[in-house]
Amino acid sequence: MIYGHGDDAFRYGDKIKMNFSSNVYDGADLSALKEHLMQHFDVVSHYPEPQPYELERLLARHLDVPENTVIVTSGANEAIYLIAQLYKGWASVIPQPTFNEYEDACKAYNHLISYDSADELEVLPEDRLYWLCNPNNPTGNVLLKNLLSHIIRQHPRYLYVVDQSYADYTLSPTLEPKEMAGCFNVMLIHSLSKKYCIPGLRLGYIFSSPIIIDRLRQIRQPWTVNAMAIEAGKFLVKNNIQMIPDLEGYLAEAKRLYHALSAIEGLMVMDSGTNFMLANMDFGDTAELKNWLIENYGILIRDASNFMGLDNHCFRVTARTPEEDDQLVEAIKAYKAWKQEKQ
C-alpha cells in the first residue's frame, strides 16, 4: 500500500480546516447511526461472526440477488486484495491512470501486469483479469453502462473486476448486481464506506457468481470485518439511509467548482461525472502547492503525482460547500500569484 492516498489529514494534526482530498461526501448526517451504535456498543465486548453472514443476507435481500452471490469485506480494499489472491499468478490488465491498489495487490500475488498497451495485450496469457474503476479514480470519468455490459458479455474468456466504489457519487448509470446475475465472468466491487459516508468503519462487498464467491470465502481470513462495522452495516442497509440527500445539487456544485477552477489561466481540469476532479497546472509543483495551502489556508488537496501516468503538476480535489469551494479557488489563485512574485 502506497503512503499517499487521499485524506491524509492525520499527518497534519489540527492544521486542516477544509479537506478537499477525500472523495467521500463530508456533509452526511450520521446522528441516527451514532445513536444506534451507542445503544449497541456492547458488541465490542464479543467476537463478531468470523464471516459477516447476517449482514450479507441483508445486503443480498436489499440488492434482490441470491445470498451466495455476495461477500462483505473490510472496505473495498480487502475485496481488491482477495480477488488478486484468488487469481494469483494470472495476467492483469490495469488501464492507467487509476486507483493504485489494483497494481499493488496484483504485485503482491505475482500477477503479470499490463497497462493496456496494444502490443502487450497481444502476447498476454488467456487467463487474465481486467481491472476497471468506474467511476474512475482519479479522473472521475464514467464508462457507458451498456458498453461495459456488452464488453463483459462478449468476452466470456476473460474475467472483469469492476470497482464501482463511487457508484453513489454519479448520476450516470452503473452496472446493477441483479442485471449481471447471469454473467459468470464479472466481479463487482462496491464500497458501503463511501455509500454511507463512513470510511473509518471499512465496509465493502463483492458481487459475483456463486462459484467465485465460494472460492473467495475459502481464502479469506476470519474476523476481518469488526463487530462495530457489522452493526453499522446492518442498521444502514435495513434503513437504506440516503447520506447524500441531494446528489443532483451536490454534483451541480461540483460542476460549478470545475468551471471556476478551469477559469484560472494555466490550470487544466478534466471534466468529471462525479464529485471529484483531476487538475493539471503549469505554474507550480503539486507537493509545494499542497504544503502551501495547508500552511496558509488549512486546505488539504490530493497530490496526484503518485498515480501512474501523472506527474508533479497534477492534483485532485472534491467538491464541498459553495463557500469552501470558493475559498479553494481563491487560495489556488493566491498560490499562483505568490509563485509569480518569486520569479
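Scroll up to find the structure this text is about.
Residues numbered from 1 in each chain as written. Predicted model: local features only at pLDDT ≥ 70, side-chain atom pairs only at ≥ 80, totals over all residues. Heavy atoms only, no water.

Peer 1: What is the right way to look at the sheet that holds strand 7 (residues 186-191) in this model?
Peer 2: Pairing between sheet strands relies on hydrogen bonds along the backbone, with the strands arranged either parallel or antiparallel. In spatial order, the strands read 2-8-7-6-5-3-4; together these seven strands make up an open sheet with mixed pairing. Every other strand in the sheet has two partners, leaving strand 2 (70-73) and strand 4 (112-114) as the edge strands with one partner each. The average undirected angle you get between the axes of adjacent strands in this sheet is 20°. Summarising the sheet, strand 5 (residues 128-133) and strand 6 (residues 159-163) pair through five bridges and their orientation is parallel. Bridging from a neighbouring strand, Cys133 pairs with Asp163 of strand 6. Lying over the sheet, helix 3 (residues 75-86) contacts strand 2, strand 5, strand 6, strand 7 and strand 8 (204-207), oriented at roughly 155° with respect to strand 7. (Pairing = 2+ DSSP bridges. Helix = DSSP H or I, 4+ residues; strand = E, 2+ residues; numbered from the N terminus. Axes fitted to C-alpha atoms, helices over the stretch in contact; angles between N-to-C directions. Contact = heavy atoms within 4.5 Å.)

Peer 1: Mind showing me how you'd approach a nonpolar patch on the surface here?
Peer 2: A cluster of nonpolar side chains, namely Met38, Phe41 and Val44, defines an oily patch on the protein surface of about 330 Å² accessible area. Note that Val44 resides in the loop between helix 1 (31-39) and helix 2 (53-63). (Patch = residues over 30% accessible without salt bridge, like charges linked within 9 Å, V, L, I, M, F, W, Y side chains within 5 Å. Areas by Shrake-Rupley, 256 points an atom, 1.4 Å probe, with all protein chains shown as cover. Salt bridge = Lys/Arg side-chain N within 4 Å of Asp/Glu carboxyl O.)

Peer 1: Would you mind going over the pattern of salt bridges with me for this structure?
Peer 2: Between side chains of opposite charge, a pair can form as their charged atoms come close. Counted under the stated rule, the structure contains 19 salt bridges. Between Lys107 and Glu103 there is a salt bridge, with its nearest N and O atoms 2.9 Å apart. Of the two residues, Lys107 and Glu103 are both situated in helix 4 (residues 101-108); the distance of four residues between them amounts to about one turn of the helix. Linked by salt bridges that have partners in common, Asp8, Arg11 and Lys290 make up one network.

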